[in-house]
Amino acid sequence: MHPTDISNPDYFHKVVDCQWACPAHTPVPEYIRLIADRRFGDAWAINWESNVFPGILGRTCDRPCEPACRRGRVEKEPVAICRLKRVAADNKGDISRYLPAIPTQKNGKRIALVGAGPASLTVARDLMPLGYHCVMFDGDSKGGGMMRSQIPRFRLPETVTDEEVDIIVDMGVETRFGPGGYVDSLKSLLAEGWDAVFVGSGAPRGREIEIPGRQEAGAHIHIGIDWLSSVSFGHVDKIGRRVIVLGGGNTAMDCCRSSRRLGGEEVTVVVRSGFEEMKASAWEKEDAQHEGIPILNFLVPVEFTHDSGKLTGVLFEKVKAEYDEKGRRNLVPTGEPHTHVPCDDVLVAIGQENSFPWIERDIGIEFDRWGMPKVDPKTMQASLPHVFFGGDSAFGPKNIIWAVAHGHDAAISIDKFCHGEDVAERPAPGVTLVSQKMGIHEWSYDNDISNDLRYKVPLRDLKVALKDIRTEVELGYDDKLAFLEAERCLNCDIQTVFAGPLCIECDACVDICPMDCITFTDNGAEAELRTRLSAPATDFEQDLYIGDSLKTGRIMVKDEDVCLHCGLCAERCPTGAWDMSKFLINITQAGTACRSR
Amino acid sequence: MTYIVKPRLHHPKLPTNALGYTHRDYEGSVSTLCAGCGHDSISAAIIQACFELSLPPHRIAKLSGIGCSSKTPTYFLGQSHGFNSVHGRMPSVLTGANLANRDLIYLGVSGDGDSASIGLGQFAHCIRRGVDMVYIVENNGVYGLTKGQFSATADKGSSAKRGAVNSDSPIDLVAMALQLGASYVARSFSGDKAQLVPLIKAAIQHKGAAFIDVVSPCVAFNNHPGSTKSFDYVRDHNEAVNQLDYMVERDAIVADYAPGTVETVMQHDGSMLRLRKLALDYDPHERISALTYLQQRQAAGEVVTGLLFVEADHGDMHGYLDTVDSPLNTLGEAELCPGPDLLERYNAAHR
């Protein structure tokens, strides 16, 4: 193998698994250390800069970082990254000093943002400090998009949404909210002569279910996201005693838990697949079950039963999973008699779809055969050069953090586009790598590894929580728990940096490494090399760090997979061939730094 | 020294031995020696050897004297018996312990100062008595704890860190061990675990006095040009006479070596040693020719390593003295007080 090129920013970025997995590449270990240091405002600022909605995401994020967390590979569970983010947001104090100045002298460019969800808000956040004039359109009376309309208040209090939306709107975004802000024709919007238009209108249509009884019993069958939005805006405040929620995604979990708070005493979730294959995040399923909601699996709805139009229940066919020779799953009937589950209301949460009736097909925006706009995944640019997409409206339903990442990318493109630059040319990230050595055995970070298991977030008493849909269930970590949980972080951004010419091959690092990560051996092809390391290195997703220039002609191989970043290799190294250096990577955002001129 | 405790977390796919332990279970506390000390590699090799042999830690006794080397038993086998004796007196304590309880595995850890200076007499007598033990000397050629004066094993003409040249002749503990009748003699290098670990394993399984001289560079005071015990010098002048593979099963012998280059030696307990010859004219069963060979190569400036001598059926102190078969602490009243009749007969035999 060739020696590792650590000057390539991707190499050490990949070692910081959480940051690499985050669509917005938030520097997670950096803000977790600040939380442990009780510098909540600074921790909040790092989050705000990168993911824009620390308070909202600290409660609702899909957390792609947590399955990636190295801690989950060396013990049972990852660090509670998401809930630590909330700690930063809850305790941030006055944040006005972190906010960028908004130029009073505008740059003369006018940008239209369709939709006031996370993607559009991110674009506005990135462009306002650069002097753009941003106008945001939304049919709802307040900004926030699905964060406000679909996420129930018991998970995300409205004050949190208000605060984080307002920070952006208060930068001077011109808002056209309410019925007048609903854009029903992109053609006429474009005719207004904007310098660029960003479409962040989401995936606003819930998928329909077409089975017998749907029409007849329709009065008590609701589309999940529409119902959640009605609940959110106070149009709906009760539901029947017995409720069936169809679907196994996170929307279904929000529907069933909302029902429990609006009079649903017997709420049941029914999914077609097996429990394990459900789309909902494991913790959301856990939360639903904690509230006494059973989840029935392998049942396919075949009919809504009704008594002359009054819904009486749902008839299900029992199925089982069979896998064909290609490993594809098919749900086949078991042949057992159908099951009838009686109910008063049904919520249908079986998926969301994009819907672009308001985009004319003759204005130069190309659509693919699934009715989705053709959007460049790097630049977010549509086939009409001054139109950009982001969030769910770009590539179908994802989640908030992806919308934020799209927003950042679109903002870069819009800024470059408005300055007559090639949007395909993307800015390099800002990278620093600095030694953390403070003394012979002292480091600027806490390298002592905590043995604690993941701390549970305290919950409000269930009886109290179920009484009011506006009462937040999770109480969040208190100071002490936050510190203890933060200490579980392995500081993966403090990199082990190896300098071959300094190494005397004394084996001290090999002997001390608690994870048997390091081997000095003869070079070879990767697959073969992996078989003769100190400990099995079977995860090919995780790189081997190769160092050369050793006197014996051997190479140093470090398996990055389960390194604890405890720094013992560097402490036991007599020549300083190992050093612990903090790798900070900041993804460049829209602004002068990303322009070539 | 390192301030933090070595993290308890370990690699999730760490192999376990026949007892279900990982090699981490054979560790001691974190070393307080200088970073990069060769002794720490020897500790790691002992840990690896005991792990691979699936030895129950509580059946091992580790004994040492005074010095950097003699501190190391704290850093391995944290669950074993330990005795840190007076300077140079480890061999007597080990001999006594072995007489009292012959069932334990005895691991004597010493240094060049502890064994070649203050404890030279103890070393000699312990070897010539054939005490069943592994005697490891962690040999760095300097007194590390007192800032790097030459020890008795420093080569004549080698220089100290500040330039002073050693004018005294060195004591070669390997030659002494051979001459004094050790039945297993090896030399190795702390920077070569592939060689060292099998040598320790075979020494542990060997019945009788097993002596291993391990050249172990002192990174603080003896790892400079002019030293003959530095990493670079030993790597450049290391002449291994053979490579030992330790095997338990006879079936495991693979016959893919040129004829005459591999030899299999059976130990007293039936375990097998496979020796791959690197110096074809070297015979590790001939004490006298081994001594000659060593002295010739040494005169040429080489550091001869490998299994230098082994005598499988040599016997040990308990055999020579015809002692009781079981440890003294297992003897009951009947064995210890056999009664007036036996006493009378015993006394009569001496009249």
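For clarity, every value in this text was computed on a predicted model and none was experimentally measured.

J.: Whenever I open this one, the packing of helix α1 (residues 38-52) of chain B against helix α7 (residues 193-205) of chain B confuses me. Can you help?
T.: The relative placement of two packed helices is expressed as an angle between their axes plus a distance between the axes. Residue and element names in this part refer to chain B. For the pair α1 and α7, the least separation of the axes is 9 Å and the interaxial angle reads 55°. Considering their axes alone, α1 and α7 lie oblique with respect to each other. The two elements α1 and α7 cross, and the hand of that crossing is right-handed. Of the residues in α7, those in contact with Ser 41, Ala 45, Ile 46, Gln 48, Ala 49 and Glu 52 of α1 are Lys 193, Leu 196, Val 197, Ile 200, Lys 201 and Ile 204.

J.: How should the interface of chain A and chain B be read in this particular structure?
T.: When the parts of a complex come together, some accessible area is lost, and that lost area is often used as the size of the interface. Taken together, the contact pairs 29 residues of chain A with 23 residues of chain B. Of all the secondary-structure elements, those providing two or more residues to the side of chain A that touches chain B are α7 (71-74), α20 (508-512) and α22 (568-571) of chain A. Top element by residues in the side of chain A that touches chain B is α20 of chain A. It accounts for 3 residues.

J.: Even after reading the chapter, I still don't get the sheet that holds strand β14 (residues 345-348) of chain A, so can you show me in this structure?
T.: All names here are of chain A. Pairing is parallel in the open sheet, where 5 strands are placed in the order β6-β14-β7-β8-β9. Each edge of the open sheet carries a strand with a single partner, namely β6 (221-223) and β9 (295-296). Strand direction decides the pairing type here: strand β8 (residues 266-270) and β9, joined by 2 bridges, are parallel. Residue pairing for β9: Val 270 is matched across the bridge by Leu 296. Running at roughly 85° to β6, helix α13 (residues 224-232) makes contact with β6 and β14 of the sheet. In the packing of helix α14 (residues 250-261) onto the sheet, contacts are made with β7 (242-246), β8 and β14, and the angle to β8 comes to roughly 170°.

J.: What is the right way to look at the domain arrangement of chain A in this model?
T.: Residues and elements named next belong to chain A. Partitioning chain A into domains gives domain 1 (10-97 + 454-462 + 472-486), domain 2 (102-204 + 354-418) and domain 3 (206-352). Here the C-alpha centroids of domain 1 and domain 2 sit 26 Å apart. Contact with domain 1, which involves 15 residues of that partner, is made by 21 residues of domain 2. Take the side of domain 1 that touches domain 2: its biggest share by element is 5 residues, from helix α5 (residues 54-60). Split by residue class, the side of domain 1 that touches domain 2 holds 9 nonpolar, 3 polar and 3 charged.

J.: Got a minute to help me understand the environment of Asp 37 of chain A in this structure?
T.: In this structure, Asp 37 of chain A sits in the loop between α3 (28-36) and α4 (40-51). Note: C-alpha distance between Asp 37 of chain A and Phe 298 of chain A (261 residues apart in sequence) is 48 Å.

J.: Sorry if this is basic, but what is going on with the nonpolar core here?
T.: Side chains that are nonpolar tend, in soluble globular proteins, to be buried together. Counting residues in hydrophobic clusters, the biggest one holds 216 residues, and the most contacted among them are Ile 35, Leu 127, Phe 198 and Ile 414 of chain A together with Ile 200 of chain B. Per element, the largest residue contribution to this core is 12 residues, and it comes from helix α17 (residues 400-418) of chain A. Lining this core are residues from two domains, each supplying at least three of them: domain 1 (10-97 + 454-462 + 472-486) and domain 2 (102-204 + 354-418) of chain A. Excluding residues within four positions of it along the chain, Leu 127 of chain A makes contact with Ile 111, Tyr 132, Cys 134, Ala 411, Ile 414, Asp 415 and Ala 590 of chain A. Membership of the second largest hydrophobic core comes to 35 residues, among which are Ile 239, Val 245, Ala 288 and Cys 343 of chain A.

J.: What exactly am I supposed to notice about the sheet that holds strand β24 (residues 578-586) of chain A here?
T.: By way of backbone hydrogen bonds, the strands of a sheet pair with one another, either parallel or antiparallel. Residue and element names in this part refer to chain A. The strand order across the open sheet formed by 3 strands is β17-β24-β20, and the pairing between neighbours is antiparallel. Either end of the sheet is taken by a strand with one partner, and the two such strands are β17 (430-435) and β20 (494-498). Strand after strand, the sheet turns through a mean of 35° between neighbouring axes, direction not considered. The pairing of β20 with β24 spans 5 bridges and is classified as antiparallel. Residue pairing in the sheet places Ile 494 in a bridge with Lys 582 of β24.

J.: Can you walk me through the pairing of strand β12 (residues 272-277) of chain B in this structure?
T.: Both faces of the sheet carry side chains from a regular strand, because those side chains alternate between them. All names here are of chain B. For strand β10 (residues 242-247) and β12, the ladder comprises 6 bridges, and the chain directions are antiparallel. Across the sheet, Met 247 pairs through a bridge with Met 272, a residue of β12. Counted between consecutive antiparallel strands, the loop separating strand β11 (residues 262-266) from β12 contains 5 residues, among which Gly 270 sits at a positive phi close to 90°.

J.: Which parts of the structure should I look at to understand unusual backbone geometry?
T.: A negative phi holds for most residues other than glycine; trans holds for most peptide bonds. Residue and element names in this part refer to chain A. Residues other than glycine seldom take positive phi values, yet Arg 38 does so here, at roughly 60°. Looking at the element boundaries, Arg 38 is found in the loop between α3 and α4. Residue class for Arg 38 comes out partly exposed when judged on the 14 C-beta atoms lying within 10 Å of it. Here Ser 308, not a glycine, exhibits a phi torsion of approximately 40°, which is positive. Counting through the fold element by element, Ser 308 comes out in the loop between β10 (299-307) and β11 (310-323). The exposure class assigned to Ser 308 is exposed, which follows from the 6 C-beta atoms found within 10 Å.

J.: Would you mind going over helix α5 (residues 120-128) of chain B with me for this structure?
T.: Since the α-helix advances by 3.6 residues per turn, residues separated by three or four positions end up pointing in the same direction. Residues and elements named next belong to chain B. All of the buried residues in α5 are Gln 122, Phe 123, Cys 126 and Ile 127. Mapping the buried residues of α5 onto a view down its axis gives an arc of 125°, with all of them on the same face. Those residues of α5 hidden inside the fold are in contact with α3 (90-100), α4 (112-116), α6 (173-179) and β8 (209-215). Looking one or two residues past α5, Gly 130 carries a phi angle of roughly 70°, positive in sign.

Reading the values: rules and limits
- Residues numbered from 1 in each chain as written.
- Chains lettered and ligands numbered in written order.
- Predicted model: local features only at pLDDT ≥ 70, side-chain atom pairs only at ≥ 80, totals over all residues.
- Axes fitted to C-alpha atoms, helices over the stretch in contact; angles between N-to-C directions.
- Helix = DSSP H or I, 4+ residues; strand = E, 2+ residues; numbered from the N terminus.
- Parallel < 35°, antiparallel > 145°, perpendicular 65-115°, else oblique.
- Left-handed = near helix turned anticlockwise from the far one by under 90°.
- Contact = placed C-beta atoms within 7 Å.
- Pairing = 2+ DSSP bridges.
- Domains from an automatic or database assignment.
- Nonpolar A, V, L, I, M, F, W, Y, C, P; charged D, E, K, R; others polar.
- Core = buried A, V, L, I, M, F, W, Y, C linked by C-beta atoms within 7 Å.
- Buried ≥ 20, exposed ≤ 12 C-beta atoms within 10 Å, placed from the backbone.
- Arc of directions from axis to C-beta.

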